[in-house]
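Residue-level listing of the chains:
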Amino acid sequence: MSNMRRITGGSRFLLEPFDYGPKDIAEAHDRILGLQFEAIDARLSRIEGLMERLERRLWLTVYGVVATILAQAFKTLITIAPTGGA
């Protein structure tokens with residue numbers, strides 16, 4: 001296939017061969033792992049925040065239900081209680 005031509009124009013860096021050694025590959029790998037762990041940490045922080053908000057909403061719901069039950073019980077006691085005339 002002698003029809004293959006070298007692409008002209010563009011960046012000269014795209015045509016130069018990459019010359020990486022084991023040290024450079026290890027450093028690049030460490031940087032990638034660092035970025036991945038930062039992303040995971042950010043996601044976990046967001047998830048923890050969402051869980052805290054959900055927990056607060058759950059407790060507010062529980063307190064609301066308990067308050068409603070107590071209010072109905074108090075109302076029943078008020079209506080059943082004698083008015084005190086002798």
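Scroll up to find the structure this text is about.
Because the structure is a prediction, the values reported are computed rather than measured.

Asks: Would you mind showing me how to read the overall build of the protein here?
Replies: If you tally the helices and strands in the protein, you get one helix and zero strands. Across the 86 residues of the protein, 0% fall into the buried class. In the structure as shown, the protein presents an accessible area of about 8900 Å², 65% of it carried by carbon and sulfur atoms.

Asks: Please clarify how the packing of aromatic side chains should be interpreted in this entry.
Replies: The description of two aromatic rings rests on the distance between their centres and on the angle between their planes. What the rule picks out here adds up to one aromatic pair. Each ring, one from Trp59 and one from Tyr63, has its centre 5.9 Å from the other, and the planes form 35 degrees; the classification is tilted. One end of the pair is Trp59 and the other is Tyr63, both in helix α1 (residues 22-80) and four residues apart, which spans about a single turn. What makes Trp59 partly exposed here is its relative accessible area of 44%. Residue Tyr63 is classed as exposed on the basis of its relative accessible area of 54%.

Asks: Just to check I follow, could you spell out a negative patch on the surface for this structure?
Replies: Among the surface-exposed residues, Glu38, Asp41, Glu48, Glu52 and Glu55 lie close enough to one another that they form a single negatively charged patch. Relative to the helices and strands, Glu55 resides in helix α1.

Asks: Is there a simple way to think about a nonpolar patch on the surface in this case?
Replies: On the surface, a cluster of nonpolar side chains totalling about 580 Å² of accessible area is made up of Leu33, Phe37, Ile40, Leu44, Ile47 and Met51. Structurally, Leu44 is set in helix α1. Judged by relative accessible area, Leu44 falls into the partly exposed class, the value being 45%.

Analysis parameters
Residues numbered from 1 in each chain as written. Predicted model: local features only at pLDDT ≥ 70, side-chain atom pairs only at ≥ 80, totals over all residues. Heavy atoms only, no water. Helix = DSSP H or I, 4+ residues; strand = E, 2+ residues; numbered from the N terminus. Buried < 20%, exposed > 50% of the residue type's maximum accessible area, 1.4 Å probe, protein only. Areas by Shrake-Rupley, 256 points an atom, 1.4 Å probe, with all protein chains shown as cover. Phe/Tyr/Trp six-rings, centres within 6.5 Å; stacked < 30°, edge-to-face > 60°. Patch = residues over 30% accessible without salt bridge, like charges linked within 9 Å, V, L, I, M, F, W, Y side chains within 5 Å. Salt bridge = Lys/Arg side-chain N within 4 Å of Asp/Glu carboxyl O. Lys, Arg positive; Asp, Glu negative; His and termini not counted. Charge placed at Lys NZ, Arg CZ, Asp CG, Glu CD.

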